[in-house]
Amino acid sequence: MYRQKFYVLALLALCMGLVAMPGAVAQEAGACNVEAPMEAVELNALGWSFPILDFYYSEMEACDAVENIDINVNQLSGEDVQEQVNLALSAGGDSPYDILSGANGQVADWGGKGWLMPLNDLIDKYRDEYDLDDISASNWDVGAIDGNIYGIPVIANTLHLFYRSDVLAGMGMMPPETYADVIALCDAIGLDNMDWDAPFGMDLSRPRGWELEFFMVLGGLGGSYLDEGAMPAFNGPEGVQAVEIMLDFFNSCLGEAASSMSNNNMETGMHQGTLPAVKLWASRAAGMSDPDNTELSEVIDFAPAPRVVEGGPRAGSAWLDFFFIPANTTNDPDLIFRVIMEAVDAASQQQAAVFGIPTRGSAADFGGKYLPAASGTVADSVGNYSKHPANDIAIDKLSEFLPLTATGELSPQEALDAAADAYMEEATAQGYIGG
């Protein structure tokens, strides 16, 4: 039911002129132009939930109206999706899912393990019908390994700043340009200021949030996770400095609020006026300009992610979300591919821009006022994770040990060395190093 609400909101936004309409769309959004199969087919999709992806799923479910097609969408948290896919596909055998949602990391993880179907032939077959060159070659490349395209890029994303323009103007401050500026803003507001839940919001409420922020801060310092031989490089001087910067932020900006400062909490906090600024996903930004979501839409503004050092890259990622087809699906890949493409055709992506950053060039002018901040972050960001399959091990081990620095259980160097030791053991066992 809630997915239908996002679809209706998109249509209302278009009708009310909230989204620019530079030209006629090639196909009607909300329609499914797939021919009915001869026999009944049940297609099961698995993914997580956020506004733009919810909209795409509502578009996908339009194919449920086609005779002999039954679409089932199951949306879980990101961690639960990863767990379900691992359980379903790691043992081999038929896949219970036909469509998977994932991001850059899943290209290397699931694709590198042979769990995903290469889509090159289907892309070539339907290139003209669905104008697939409207999606840039660089986006297709992110979803590929060794020339095999595993992912259909449907959402571009990054983390950037959301802030209350009235609050910063009242303090005589500009949007933070560096992490030093962020900490200065937090100090000016005060960690114990009862007017706010916290001076600044960032997702350090979960282990993966620590790892993701570490990746961006480390990249901003010029560091990387692994060297060319897949040996750990994250526990060097740049890694220690990155953790120290994160701890300075943690102690100045979050404190006890960190345990509950999830992405959902930050989105709600900006809507309700309990947070003055956050670093949050661009996919959460469009709703900030919707007066139906918040009475503060006129004063919520956006800026690119802060730099770690002046002149360095911005501590934001160049993220993409994809639809994948499992290699062991029991249904017709051609039909599955067409159902996906109906959900993300030009008309659908132009309407999806109300909720997030689309991947088609023809939809680039259909979004909201956050797009310059998001685009500026992506253009000057640290990029994204290596596609080396061992990188996923580094992510897992850093997620385990980095939060222990906030509790004082481990120093930055101790946490990074512990993660490096655990990485070495697992990467060796899996044959990525020492072979």
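A few points on the structure. (Residues numbered from 1 in each chain as written. Predicted model: local features only at pLDDT ≥ 70, side-chain atom pairs only at ≥ 80, totals over all residues. Heavy atoms only, no water.)

### Examining the state of the cysteines
Stage number 1. The tally for this structure, following the rule as stated, stands at 2 disulfides.
Stage number 2. A sulfur-sulfur separation of 2.0 Å characterises the disulfide bridge that pairs C32 with C63. On the S-S bond that ties C32 to C63, the torsion sits near 90°, and the link is right-handed. A residue pair is termed long-range when its members are at least 10 positions apart, and C32 in the loop between α1 (2-15) and β1 (41-47) and C63 in the loop between α2 (51-60) and β2 (69-75) qualify at 31 residues. When sorted by exposure, C32 lands in the same class as C63, which is buried.
Stage number 3. Here C186 connects covalently by a disulfide to C253, the sulfurs 2.0 Å from one another. (Disulfide = S-S within 2.5 Å. Helix = DSSP H or I, 4+ residues; strand = E, 2+ residues; numbered from the N terminus. Buried < 20%, exposed > 50% of the residue type's maximum accessible area, 1.4 Å probe, protein only.)

### Quick notes on the packing of helix α9 (residues 207-220) against helix α10 (residues 237-254)
Stage number 1. Remark: α9 packs on α10, axes separated minimally by 9 Å, with the N-to-C direction vectors making an angle of 120°. As summarised for this structure, α9 and α10 are arranged oblique, according to the angle between their axes. In this structure, the crossing between α9 and α10 has a hand that is right-handed. Counted together, W210, E213, F214, V217 and L218 of α9 and E238, G239, A242, V243, I245, M246, L247 and F250 of α10 form the full contact between these two elements.
Stage number 2. Grouping the amino acids of the contact of α9 with α10 by side-chain chemistry returns 10 nonpolar, 1 polar and 2 charged. (Axes fitted to C-alpha atoms, helices over the stretch in contact; angles between N-to-C directions. Parallel < 35°, antiparallel > 145°, perpendicular 65-115°, else oblique. Left-handed = near helix turned anticlockwise from the far one by under 90°. Contact = heavy atoms within 4.5 Å. Nonpolar A, V, L, I, M, F, W, Y, C, P; charged D, E, K, R; others polar.)

### Things to note about the pairing of strand β10 (residues 319-324)
Stage number 1. Burial within β10 is extensive, with 6 of its 6 residues counted as buried.
Stage number 2. Relative to β10, strand β3 (residues 99-103) runs antiparallel, the two being bridged by 4 bridges. In the sheet register, A103 faces β10, and the bridge partner there is D321.
Stage number 3. Where strand β6 (residues 151-157) meets β10, 6 bridges bridge the pair, whose relative direction is antiparallel. Directly across from A156, in β10, lies its bridge partner L320. (Pairing = 2+ DSSP bridges.)

### Some details on the sheet that holds β3
Stage number 1. Ordered by their spatial adjacency, 5 strands build an open sheet running β2-β1-β3-β10-β6, and the pairing between neighbours is mixed. Because the sheet does not close on itself, it has two edges, and the strands there are β2 and β6. On average, adjacent strands in this sheet sit at an angle of 20° to one another, irrespective of strand direction.
Stage number 2. Where β1 and β3 come together, 2 bridges link them in parallel fashion. Across the sheet, A45 pairs through a bridge with I99, a residue of β3.
Stage number 3. Where helix α4 (residues 104-112) meets the sheet, it contacts β3 and β10, and its direction lies at approximately 120° from that of β3.

### Topic: α10
Stage number 1. In this model α10 runs 25 Å from its N-terminal to its C-terminal C-alpha over 18 residues, within 8% of the 26 Å that 1.5 Å per residue would give.
Stage number 2. Where α10 is concerned, the buried positions are G239, V240, A242, V243, I245, M246, L247, F249, F250, S252, C253 and L254. (Expected span 1.5 Å × (residues − 1).)

### Concerning the nonpolar core
Stage number 1. Core analysis: the biggest nonpolar cluster contains 145 residues, and F214, Y225, F234 and F323 have the highest contact counts within it.
Stage number 2. In terms of residues, this core owes the most to one element, α10, which gives 10 residues.
Stage number 3. Excluding anything up to four places from it in sequence, F214 contacts Y225, F234, G239, A242, V243, M246, L398, L402 and L416. (Core = buried A, V, L, I, M, F, W, Y, C linked by side-chain atoms within 4.5 Å.)

### Considering α9
Stage number 1. Along its 14 residues, α9 runs 20 Å from first to last C-alpha, staying within 8% of the 20 Å computed at 1.5 Å per residue.
Stage number 2. Of all 14 residues that make up α9, 12 are buried, and the element is covered over most of its length.
Stage number 3. Those residues of α9 lying buried are G209, W210, E211, L212, E213, F214, F215, M216, V217, L218, G219 and G220.
Stage number 4. Two residues or fewer after α9 comes G222, characterised by a positive phi angle close to 90°.

### Looking at the pattern of salt bridges
Side-chain pairs of opposite charge can arise whenever the charged atoms involved come near each other.
Stage number 1. One pass over the structure, following the stated rule, counts 16 salt bridges.
Stage number 2. Of the charged contacts in the structure, one is a salt bridge between E79 and R206, with a shortest N-O distance of 2.8 Å. One end of the pair, E79, is in helix α3 (residues 78-89); the other, R206, is in the loop between α8 (179-189) and α9, with 127 residues separating them in the sequence.
Stage number 3. Residue classification places R206 among the partly exposed residues on the basis of a relative accessible area of 26%.
Stage number 4. Here R127 and D124 are joined by a salt bridge, their closest N and O atoms 2.7 Å apart.
Stage number 5. When salt bridges that share partners are traced, they join E177, R307, R314 and D380 into one network. (Salt bridge = Lys/Arg side-chain N within 4 Å of Asp/Glu carboxyl O.)

### A look at the environment of Q75
Stage number 1. Its location among the elements puts Q75 in strand β2.
Stage number 2. Q75 sits in the buried class, given a relative accessible area of 16%.
Stage number 3. For the pair Q75 and A379, spaced 304 residues apart in the sequence, the C-alpha separation amounts to 30 Å.
Stage number 4. Only 3.1 Å separates the side chain of Q75 from the backbone oxygen of W48, close enough to count as a polar contact. (Polar contact = N/O pair within 3.5 Å; in protein donor to acceptor, adjacent residues only side chain to side chain.)

### Digging into the packing of aromatic side chains
Stage number 1. All chains considered together, the criterion is met by 18 aromatic pairs.
Stage number 2. Where W110 meets F324, the ring centres are 5.8 Å apart and the plane angle is 75°; that geometry is what we call edge-to-face. Linking W110 in helix α4 with F324 in strand β10, this pair joins segments that are 214 residues apart in sequence. Side by side, W110 and F324 carry an identical accessibility label, which is buried.
Stage number 3. For the pair F302 and Y370, a centre-to-centre distance of 6.3 Å together with 70° between the ring planes defines the contact as edge-to-face. Of this pair, F302 sits in strand β9 (residues 300-303) while Y370 is found in the loop between α13 (346-352) and α14 (371-379), placing the two residues 68 residues apart along the sequence.
Stage number 4. The class of F302 is buried, set by a relative accessible area of 8%.
Stage number 5. With relative accessibility at 1%, the residue Y370 sits in the buried group. (Phe/Tyr/Trp six-rings, centres within 6.5 Å; stacked < 30°, edge-to-face > 60°.)

No statement about biological role is implied by the geometric values presented.
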